[in-house]
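Coordinate analysis (summary)
Residues per chain are reported as follows:
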Amino acid sequence: FALEVTVPGVQAMADTTDWELFGVPLKILAVQDPGARGLRIWEAAAVETGEDAQKVVALVREALGEHPGVQYVTDQGTPYLADATARALEELELEHAPQREGDPIGKSPIERSFRTVKDALAPLVRLTGRIAEALPALRRADFAAAAGRLLLGTFLAVDLAARRSTLSTAA
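Here's what I pulled together on the structure shown here. Note that the coordinates shown come from a computational prediction; the quantities given were computed from them, not determined experimentally. (Residues numbered from 1 in each chain as written. Predicted model: local features only at pLDDT ≥ 70, side-chain atom pairs only at ≥ 80, totals over all residues. Heavy atoms only, no water.)

A few points about the sheet that holds strand β4 (residues 71–74)
Sheet architecture is open: five strands sit in the order β3-β2-β1-β4-β5, paired in mixed fashion. Bordering the open sheet on either side are β3 (44–48) and β5 (95–98), each of which pairs with just one other strand. Shown here is a sheet whose adjacent strand axes are inclined to one another by a mean of 20°, direction ignored. In the sheet, strand β2 (residues 24–32) pairs with β3 via five bridges, with the strands oriented antiparallel. Bridging from a neighbouring strand, K27 pairs with E48 of β3. Along the sheet, helix α4 (residues 108–134) makes contact with β1 (11–21) and β2, crossing β1 at roughly 20°. (Pairing = 2+ DSSP bridges. Helix = DSSP H or I, 4+ residues; strand = E, 2+ residues; numbered from the N terminus. Axes fitted to C-alpha atoms, helices over the stretch in contact; angles between N-to-C directions. Contact = heavy atoms within 4.5 Å.)

A few points about the environment of I41
In this structure, I41 sits in the loop between β2 and β3. Looking at I41, the relative accessible area reads 7%, which means it is buried. Put simply, I41 and V117 are 76 residues apart on the chain and 9.0 Å apart in space, counted from C-alpha to C-alpha. Beyond its immediate sequence surroundings of up to four residues, I41 is in contact with Q32, S113, V117, F155, L156, D159 and R163. (Buried < 20%, exposed > 50% of the residue type's maximum accessible area, 1.4 Å probe, protein only.)

Observations regarding empty space enclosed by the protein
Throughout the structure, instances matching the rule amount to one cavity of 30 Å³ or more. Its volume calculated, the largest cavity comes out at about 30 Å³. Along the walls of the largest cavity sit A14, D15, L29, A30, V31, V56, L59, Y72 and Y80, which together make up its complete lining. If you list the elements that add at least two residues to the lining of the largest cavity, you get β1, β2 and α1 (53–64). Ranked by the residues each element gives to the lining of the largest cavity, the list is headed by β2, at three residues. Across the lining of the largest cavity, the residue classes tally to eight nonpolar, no polar and one charged. (1 Å grid on protein atoms, 1.4 Å probe; cavity = no way out; pocket = protein on both sides within 12 Å on 5 of 7 lines; lining within 4 Å. Points joined across faces, edges and corners; volume = space filled by probe spheres on them. Nonpolar A, V, L, I, M, F, W, Y, C, P; charged D, E, K, R; others polar.)

Thoughts on the nonpolar core
Among the nonpolar cores identified, the biggest contains 24 residues, and W19, L21, L26, W42 and L121 are the most heavily contacted of them. Taken together, the elements giving at least two residues each to this core come down to β1, β2, α4 and α5 (141–170). In terms of residue count, α4 provides more of this core than any other element does, six residues in total. Aside from chain neighbours lying at most four places away, what touches L121 is W19, L151, L152 and F155. If you look at the next biggest cluster of nonpolar residues, it comprises 17 residues, including V56, V60, A63 and Y80. (Core = buried A, V, L, I, M, F, W, Y, C linked by side-chain atoms within 4.5 Å.)

Here is the structure:
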């Protein structure tokens, strides 16, 4: 069925994207309900120094732990196809639907959401790079990941408040 008619709570998409703060490479991991993307960008997100099955499982438990029966759409990345992930998805009663390799539209809503978030935060990301050039001691993975969690969490909270405000004034 077409994504524009996806009912909320039926499907979730998960993916990871590269990000950099203070000159440190990071990963944003996110789970999105494409049917609810007009209400909130993501169901859960994390900023990490890398991705692995343990981090993927923690995020899917946070986002979908109380929603058995949801179809869980991912790419074929190692953390998403790991045995630990498969066991967790089975325990949570989620239907795993890995997309075909190289499918550019299989997870387009979450891919677009990554672009939206990264574009919105780009000026601050550039600023962290300039700060790290002046203060190289800030190029630490733990510091960059903590700053990323704060920055992303603040953005998501503001975005959610704006969406709710728009919906309440439209009603």
